[in-house]
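# Secondary and tertiary structure notes
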Amino acid sequence: LELLARDQATRVRRILAEALKSVAGAPPQVIQSLARDAEDVVACPVLEFSPLLSDEDLLEIIAASGVSSRLCAISRRSNLGETISDAIVKRDDRKAVAELLANGSAQIREETLDKLIDASVQETAWQPPLVERPALPSGAVKKLAGIVAETLLQKLQSRSDLDRETARAVSRSRSLRLC
């Protein structure tokens, strides 16, 4: 496997990466090599799915990577922790942040979420995944209600996880817009 991971043919390394991307028993050094491969088609599947990459590995790759596709792959990982989410947001890659927001299992600090909501006034592509994020804090819902388009405001209003006060605040925002 180590020889295949170093093969000159991208096709060979890509097939190996696809085969090993979710294998918990894969050799760690092979996964490390594939995750840092020069080709996105090799690195991205491993970055998105491999259970063998630690948070430290991911932070190192995020810091070293200027490639949006790799940041996007990491943003789609299941159950990302707040530290990794913060590192992705700090890279200021619009596509990676959009992927992170769409990842319902990614943990995002409330402070970071507030900054992203503020930034979504300019980066409107972030608003739909923000509105659809599970377990949004009440303050975030109210803030979103003041800035999103009518169709997204309707989605916010129809959420079943809102407490009464937050639901009333969203309803008031919607009523004010309709007047």
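Let us look at the structure shown here. (Residues numbered from 1 in each chain as written. Predicted model: local features only at pLDDT ≥ 70, side-chain atom pairs only at ≥ 80, totals over all residues. Heavy atoms only, no water.)

## A few points about the overall build of the protein chain
This is how it is decided: The helix and strand labels rest on DSSP assignments: H or I over at least four residues marks a helix, E over at least two residues marks a strand, and numbering proceeds from the N terminus. Burial classes: relative accessible area under 20% of the type maximum marks a residue as buried, over 50% as exposed, and values in between as partly exposed (1.4 Å probe, protein chains only). Two residues qualify as a contact provided that any one of their heavy atoms is within 4.5 Å of a heavy atom in the partner residue. The method behind every accessible area is Shrake-Rupley, applied with a 1.4 Å probe, and residues are considered shielded solely by the protein chains displayed.
For the protein chain, the count of helices and strands is 13 helices and zero strands. Considered along the principal axes of its C-alpha atoms, the protein chain spans approximately 65 × 30 × 25 Å. Within the protein chain, the fraction of its 179 residues that count as buried is 42%. Nonlocal contacts in the protein chain, meaning residues at least 24 apart in sequence, comprise 57% of its contacts between residues at least 6 apart. Split by element, the accessible area of the protein chain, about 9,400 Å² in all, is 51% carbon and sulfur.

## A few points about the nonpolar core
Rules: Side-chain atoms within 4.5 Å are what join buried Ala, Val, Leu, Ile, Met, Phe, Trp, Tyr and Cys residues into a set we call a nonpolar core.
In terms of nonpolar packing, the biggest core is built from 50 residues, with Leu34 and Leu156 touching the most fellow members. By residue number, the principal contributor to this core is helix α4 (residues 40-49), which donates five residues. Filtering out sequence-adjacent residues up to four positions away, leucine 34 remains in contact with Ala5, Arg13, Leu16, Ala17, Leu20, Val42, Ala43 and Val46.

## Re helix α8 (residues 94-102)
Heads up, the rule is: Summarising the geometry, the arc corresponds to the directions from the helix axis toward the C-beta atoms. A 3.5 Å cut-off defines polar contacts: any pair of N or O atoms within that distance qualifies, except that in protein one atom must be a possible hydrogen donor and the other a possible acceptor, and neighbouring residues in sequence count only when both atoms are side-chain atoms.
Those residues of α8 lying buried are Ala96, Val97, Leu100 and Leu101. Down the axis, α8 shows its buried residues gathered within 135° of arc, on one side only. For α8, the exposed residues lying more than 90 degrees away from the buried face are Arg94, Lys95 and Ala102. Against α6 (68-75), α7 (82-90), α9 (110-119) and α10 (127-132) lie the buried residues of α8. Where α8 begins, the side chain of aspartate 93 points an oxygen toward the backbone nitrogen of lysine 95, at a separation of 3.2 Å.

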